[in-house]
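# Understanding the architecture of this molecule
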Amino acid sequence: MSDNKNKDQYGVLLYYKYVEIPNLNELVTFYDSNCSSLGLLGRVRLSSHGVNVTVGGNLSSLERHIEAVKAINSVFEGTDFKLATCHQPLIDNVAKECGFTSLSIRIVKELVTLSSHPLLKSPEISNAGRHLSAVEFHSSLQNSNKESPENNLVLLDARNLYETRIGKFHAPNVETLDPQVRQYSDLSSWIDDNGEQLKGKQILMYCTGGIRCEMASAYIRSKGAGFDNVFQLFGGIQRYLEQFPDGGFFKGKNFVFDPRISVGSSDANIVGTCLICHCSFDDYSSRCRCTYCRILVLVCGNCQNEAAEYICELCQKQGKAVRSMQLIENGKSRTPLPVVEFQNFSSDTIFLPQMPRGDDLQTSRKLRILCLHGFRQNASSFKGRTASLAKKLKKITEFSFVDAPHELPFIYQTPMSVPCGNCASSSLPSIPPPPLENCKKKFAWFVASNFDGSSGVDWKVADGPFDPLQYQQQTDGCDISLSHLKNVFSQEGPFDGILGFSQGAAMAALISAQQEKLEGTMDFKFVILCSGFALHVKGMDGGPIKCPSLHIFGNEHGKDRQIANQASKELASLYDGGCSVIVEHDCGHIIPTRSPYIDEIKNFLGRFL
C-alpha cells in the first residue's frame, strides 16, 4: 500500500544526452506519443546532436518513460536520468513560466545556446572537459591548499546571476569565479574577456545539471594551450547535493527550472538577500523582475509592492533609471517623479517606487507600438479592427499602422459545379467579378513561392477553394518586408514595441528572433503576437527568443478557424518562458478587448511604462 502511494507521488525528471540522432522525426513522434500517453508536462528539446528534457508527472509515469527511452536503442546508453520527488505545482505563475502547464516538444539547432551571436565555429562537444563525479569534485576542493605554490585551482560557475544569488560553491582555499551574466548565451563573451583568469589554471566548472558545462568547457578548451586543464561536475549541483545532503562545499540553494524553484540541503543557511531590506531571503516564488532586463530579483513578502519598479545590479551598472513621469489628475499637473542618480545609493540593487497605473493615470510619453496587419489586409482595415483595443489603451499607448510591401491581386471565387439529373455535372452561369471601385488594396508580409508579383489592377479567379493551411506555404518575401520595416523604423520611429496579427505576428516574431542582430536599425522592447504562428525560415532557429513577448490566441475550444491553437502555442514555445506571457481566449480570430483579457494586456504593457 505504501509502495503504491509512493508511486502516485509527483516528481520531476531531468536528463540530457549529446549524441548524434539518426532520425529526428521518429524521435519527435516517440516523445509526443509517450509523454502524452503518460500525462507528462514540461519541455522536450531535440536536435540532431542530442536531447534535453525536463518533464513532470506521477513517479510511476516518469519511471515508465525512462524505461521506454532506454528501450529505443543504444543512443541513450549511459544517460544520467535525474528523478526527484516534489510537490505537484502549486504556484500557477511559476508552473506557467517553467512550462509545466503543457507539453512542449521542439526541434532546435542547439540544445543550449552558448552565444547569442553565431560563433565562427561551434566548439566540438567531444572536446568538453573531463567529468568528475560528485565525490571527485568534492575531494579536489577538499585537498586544495591556497598557501601552496602549486595551487592553481579555480571554480567557474556556468550559471546566470539570478541562480548564483541564492547558492554557489565556496571552498576556503579556492577562488570562485561568478561571471554574473543575465543569460547563458553571454557566457562565451565573459570567457573571451576574462581569459587571463583562466589561462594556466586547473578549472573546475559546475552548473545546475551538467549540460551547460558541456558546451562551455569545450569552448574554453578550444582556446588552445593553457586552457586545456578543464573539469566539470558530472550531473551538476543536483547530483552533488544528493551525494552530500548537508551541502558539502555548496552553500545555499540550487535554482532549478521547474516548479520546485530551488532545491536545498539539510543546511538551512540562506545565501540570498532581499534587495529592499537586505534581510536573508532566497525565495523566487513571487517572480519579481527587473523592470528593464526582466531577470528575476529577490524581494521578500514584506517589501513587495505591485506598483513598484525593481532594477537589478547589472542594469544599475549600465546607468538605467526610472524615467521622469508627469501625472495628470483632474486636468491638473502633479509633481513629476524625479530621475534617480545611482551614485546616491550604496546597495547592489535598487528599488524605486513607481506611480500607480490606474485609469486616471496618464504619462507624458505613451508607448509607441507599430502594428502589423494580417494577410490580405491593409493598414486602414487593421486600424478599424483594432479601434476598440486602441480606445481601451489610449492613455498608455499610441498605435502606428503600416501597409506590408507585397501588394496582392484582387481575387474572387466562382460558383462550384453541381451534379444534375442524368448529366455528369451542371455548370452554374458565370458571375462577373465585383466592381473595382471602392476596393482597397490588399497586402502581405509573406507570399507563396509561385507569387508572380502582380498587383490589384484587376480581378483574378481563385485557383480553388480556400485553403485553411495556406499560411504555412507563404514563406517568401521576408527580406523585402524586413527592409521595408527598417525604413519605417528610420522614418517614423522610435517604437517601444511591435504588435502583429496573424501573418503580421509571424513577421513580428521573425524580427524579435533577430533583435540583437537588428540593434541600431530596429530597436524595440517587446512584441505582442496575436493569433500568431511560426514560420520555418532562416532566422527562427537560433534557440529561445529572449525578447519580452505577449502571446494572445484562441484556446483549444475557441472559434479561431484561421490559425490553429497548436500553431500559436508552438510560436509561444520558441520564447524564453521567463520573459513571455500567454493569454488564451475563446473569441475567434480577433484580439479580445473585454475583461479579463484587456487587463492582462494592460498588465504586460505596464512593465514598460
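First, a word on what this report is: a plain description of the structure on this page. (Residues numbered from 1 in each chain as written. Predicted model: local features only at pLDDT ≥ 70, side-chain atom pairs only at ≥ 80, totals over all residues. Heavy atoms only, no water.)

## A few points about unusual backbone geometry
Just so we agree on the cut-off: What counts as a helix is a DSSP run of H or I of at least four residues, what counts as a strand is a run of E of at least two, and both are numbered from the N terminus. Relative accessibility decides the category of a residue: with a 1.4 Å probe and only protein chains considered, values under 20% of the type maximum give buried, values over 50% give exposed, and everything between is partly exposed.
Put simply, Gly493 and Pro494 share a cis peptide bond, and its omega is 5°. Its identity as a non-glycine residue notwithstanding, Ser502 has a phi of 55°, on the positive side. With respect to the helices, strands and loops of the structure, Ser502 is situated in the loop between strand S29 (497–501) and helix H14 (503–513). Among the residues examined, Ser502 registers a relative accessible area of 10% and is labelled buried.

## A look at the packing of helix H2 (residues 24–38) against helix H3 (residues 59–72)
Test applied: Orientation is described by axes fitted as lines to C-alpha atoms, over the contacting stretch for helices, and by angles from 0 to 180 degrees between their N-to-C directions. Reported orientations rely on four angle classes, namely roughly parallel under 35 degrees, roughly antiparallel over 145, roughly perpendicular from 65 to 115, and oblique for the rest. Handedness of a crossing is defined here by the sense of rotation of the near helix relative to the far one, left-handed for an anticlockwise turn of less than a right angle and right-handed for a clockwise turn. When checking whether two residues touch, look at their non-hydrogen atoms; a contact exists if any pair is within 4.5 Å.
At their nearest, the axes of H2 and H3 sit 10 Å apart, and the two run at 160° to each other. With respect to their mutual orientation, H2 and H3 come out roughly antiparallel. Handedness of the H2/H3 crossing: right-handed. Contact residues: Leu27, Phe30, Tyr31, Asn34, Cys35 and Leu38 in H2; Ser61, Arg64, His65, Ala68, Val69 and Ile72 in H3.

## Quick notes on the packing of aromatic side chains
Worth spelling out the cut-off: The criterion for an aromatic pair is that two Phe, Tyr or Trp rings (for Trp, the six-membered ring) have centres within 6.5 Å, with stacked assigned to planes under 30 degrees apart, edge-to-face to planes over 60 apart and tilted to the rest.
Using the criterion set out here, one finds 20 aromatic pairs in the structure. Between Tyr15 and Phe81, the ring centres sit 4.7 Å apart and the planes meet at 55°, which makes this aromatic pair tilted. Placement of the pair is Tyr15 in strand S1 (residues 10–18) and Phe81 in the loop between H3 and strand S4 (82–85), with a sequence separation of 66 residues. Assigned by exposure class, Tyr15 and Phe81 land together as buried. Members of the aromatic cluster, connected to one another through ring pairs, are Phe137, Phe169, Tyr206, Tyr240, Phe244 and Phe250.

## Here's the deal with empty space enclosed by the protein
Stated precisely, the cut-off is as follows: Any residue with an atom within 4 Å of a point lines the site, the site being either a cavity, points on a 1 Å grid over the protein atoms alone where a 1.4 Å probe fits but cannot get out, or a pocket, an open set with protein on both sides within 12 Å along at least 5 of 7 lines. Grid points are joined across faces, edges and corners, and a volume is the space filled by probe spheres set on the points. All residues other than Ala, Val, Leu, Ile, Met, Phe, Trp, Tyr, Cys, Pro, Asp, Glu, Lys and Arg, Gly among them, are scored as polar; the first ten of these are nonpolar and the last four charged.
Tallied over the full model, the rule gives two cavities of 30 Å³ or more. Estimated volume of the largest cavity: approximately 40 Å³. Lining the largest cavity we find Ile369, Leu389, Leu393, Phe399, Leu499, Ile528, Cys530, Ile552, Ile591, Ile601 and Leu605. Among the secondary structure elements, those contributing two or more residues to the lining of the largest cavity are strand S30 (526–530) and helix H16 (597–606). Of the residues that constitute the lining of the largest cavity, the class distribution is 11 nonpolar, no polar and no charged. Roughly 30 Å³ of volume is contained in the second largest cavity.

## Notes on the sheet that holds S29
The condition is simple: DSSP-based pairing: two strands are paired if at least 2 bridges between them are found.
Strand order in the open sheet formed by six strands is S20-S19-S29-S30-S31-S32, with parallel pairing between adjacent strands. A single partner strand is all that each edge strand has here, and the edge strands are strand S20 (397–402) and strand S32 (580–585). With direction set aside, neighbouring strand axes in the sheet form an average angle of 20°. In this structure, S30 lies alongside strand S31 (residues 549–554), joined through four bridges in parallel fashion. Its bridge partner lying in S31, Cys530 is registered against Ile552. Sheet contacts for helix H15 (residues 565–573): S30, S31 and S32; angle to S31, the most-contacted strand, approximately 170°.

## Details of the nonpolar core
Where a protein is soluble and globular, its nonpolar side chains tend to be buried together. Filter applied, for reference: For our purposes a nonpolar core is just a set of buried Ala, Val, Leu, Ile, Met, Phe, Trp, Tyr and Cys residues, chained together by side-chain atoms within 4.5 Å.
Counting 37 residues, the largest nonpolar core has Leu372, Leu485, Met507 and Ile511 as its most contacted members. Of all the secondary-structure elements, those providing two or more residues to this core are strand S19 (367–372), helix H13 (478–492), H14, S30 and H15. With seven residues, the top contributor of residues to this core is H14. In this structure, Leu372 is in contact with Phe382, Val402, Trp445, Leu485, Ile498, Leu499, Gly500, Phe501, Gly504, Met507 and Ala508, ignoring residues within four places of it in sequence. Ranked by size, the runner-up nonpolar core spans 31 residues in total, among them Ala95, Ile261, Cys288 and Val299.

These figures come from the coordinates and say nothing about function on their own.
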